[in-house]
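# Results of the structural survey
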Amino acid sequence: MFDAAMIETILLTLELAAVTTVVLLVIGVPLAWWLARSKAWGKEIVAVLVSLPIVLPPTVLGFYLLIAMGPHSPFTALIGRTLPFTFVGLVVGSTLYSLPFVVNPIRNAFEAMGERHWEAAATLRAGPLDAFFNVALPLASPGILTGAILGFAHTMGEFGVVLMIGGSIPGETKVLSIAIFEFVETLEWGKAHVLAGVMLVLSFAVILAMRLIETRFKSDLS
């Protein structure tokens, strides 16, 4: 049912989704907090830039990433290596492409807190960092979990960006969506069915997890 190449592709996809999700949380939580709390005039411009991948065609994003990470870009000169068609390049592209699916739910969770909890922490003489880690993060944990699940799922299912900047290098950049596309192209319907079934099961698990988190959160509030 599964040959070695298919297992390698599944594991690479899961690795990419896991690494990307960790990077997204490291970037997304403080960014969402800033967007939720900042009074800066330009924060909505930043919010629009974060959300742009939702409506931007993946091939457009992939094209600009190819230019930005190509051999003649200042970014490449700065880091001393090219990133297209590497696993690291996939992580960079996946992070940018999935960023709104992580930042927006977490921002909404922070904004839903209101000022009451923050003011209560201040009356107890909690510093900003204490209030953030001991008050804000626990209260926003359902939104953070939702963002993490969405980021993981979105990374697993992406196609256009990974095709543009990663190609199809076995063991390096060949993920599930690319493998399914290639099996369909070569009329290997059986293998395409198997990998599509894997994606279907994983997608179902993601939606189920989100529903359980939402139900648990509502029960905690009631």
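Now for a description of the structure that goes with this document. All values derive from a computational prediction rather than experimental measurement. (Residues numbered from 1 in each chain as written. Predicted model: local features only at pLDDT ≥ 70, side-chain atom pairs only at ≥ 80, totals over all residues. Heavy atoms only, no water.)

With that settled, the discussion passes to helix α2 (residues 43-55). Counted at 1.5 Å a residue, the expected span for α2 with its 13 residues is 18 Å, and the 19 Å between its end C-alpha atoms agrees. At Leu 49, α2 shows its largest kink, close to 30°, and the proline Pro 53 lies no more than four residues downstream. Packed against the buried residues of α2 are α1 (4-37) and α5 (87-112). (Helix = DSSP H or I, 4+ residues; strand = E, 2+ residues; numbered from the N terminus. Expected span 1.5 Å × (residues − 1). Bend = angle between axes of the 7 residues up to and from the residue. Contact = heavy atoms within 4.5 Å.)

Core analysis: the biggest nonpolar cluster contains 20 residues, and Leu 31, Leu 99, Val 103, Ile 106, Phe 110, Phe 132 and Ala 136 have the highest contact counts within it. For this core, the secondary-structure elements that each account for two or more residues are α1, α2, α5 and α7 (128-139). Among the elements that take part in this core, α1 stands out by supplying seven residues, more than any other. One finds Leu 90, Val 161, Val 162 and Val 175 within the second-largest nonpolar core, a separate group that totals 15 residues. (Core = buried A, V, L, I, M, F, W, Y, C linked by side-chain atoms within 4.5 Å. Buried < 20%, exposed > 50% of the residue type's maximum accessible area, 1.4 Å probe, protein only.)

Here we come to the pattern of salt bridges. A full pass over the atoms with the stated rule returns four salt bridges. Lys 174 is the salt-bridge partner of Glu 182, the closest N and O atoms lying 3.2 Å from each other. Judged by relative accessible area, which is 24%, Glu 182 ranks as partly exposed. With relative accessibility at 18%, the residue Lys 174 sits in the buried group. Its salt-bridge partner being Glu 188, residue Lys 191 comes within 3.6 Å of it at the nearest N-O pair. Residue Lys 191 is classed as partly exposed on the basis of its relative accessible area, which comes to 31%. Taking relative accessible area as the criterion, Glu 188 reaches 32% and is therefore assigned partly exposed. Taken together, the shared-partner salt bridges connect Glu 44, Arg 107 and Glu 111 into one network. (Salt bridge = Lys/Arg side-chain N within 4 Å of Asp/Glu carboxyl O.)

All right, on to unusual backbone geometry then. In this structure, Phe 85 takes a positive phi of about 65° despite not being glycine. Within the secondary structure layout, Phe 85 lies in the loop between α4 (74-79) and α5. Taking relative accessible area as the criterion, Phe 85 reaches 41% and is therefore assigned partly exposed.

Among the surface-exposed residues, Trp 41, Ile 45, Leu 49, Leu 52, Ile 54 and Val 55 lie close enough to one another that they form a single nonpolar patch of about 720 Å² accessible area. Looking at the element boundaries, Ile 45 is found in helix α2. (Patch = residues over 30% accessible without salt bridge, like charges linked within 9 Å, V, L, I, M, F, W, Y side chains within 5 Å. Areas by Shrake-Rupley, 256 points an atom, 1.4 Å probe, with all protein chains shown as cover.)

Counting across every chain of the model gives three aromatic pairs. A centroid spacing of 4.9 Å and a plane angle of 80° characterise the contact between Trp 33 and Phe 110, whose relative ring orientation is edge-to-face. With Trp 33 in helix α1 and Phe 110 in helix α5, the pair connects residues that are 77 residues apart, well separated along the chain. Judged by its relative accessible area of 3%, Phe 110 is buried. Their ring planes at 65° and their centres at 5.3 Å tell us that Phe 63 and Tyr 64 sit as a pair that is edge-to-face. With relative accessibility at 41%, the residue Phe 63 sits in the partly exposed group. On the basis of relative accessibility, which here comes to 53%, the residue Tyr 64 falls in the exposed class. (Phe/Tyr/Trp six-rings, centres within 6.5 Å; stacked < 30°, edge-to-face > 60°.)

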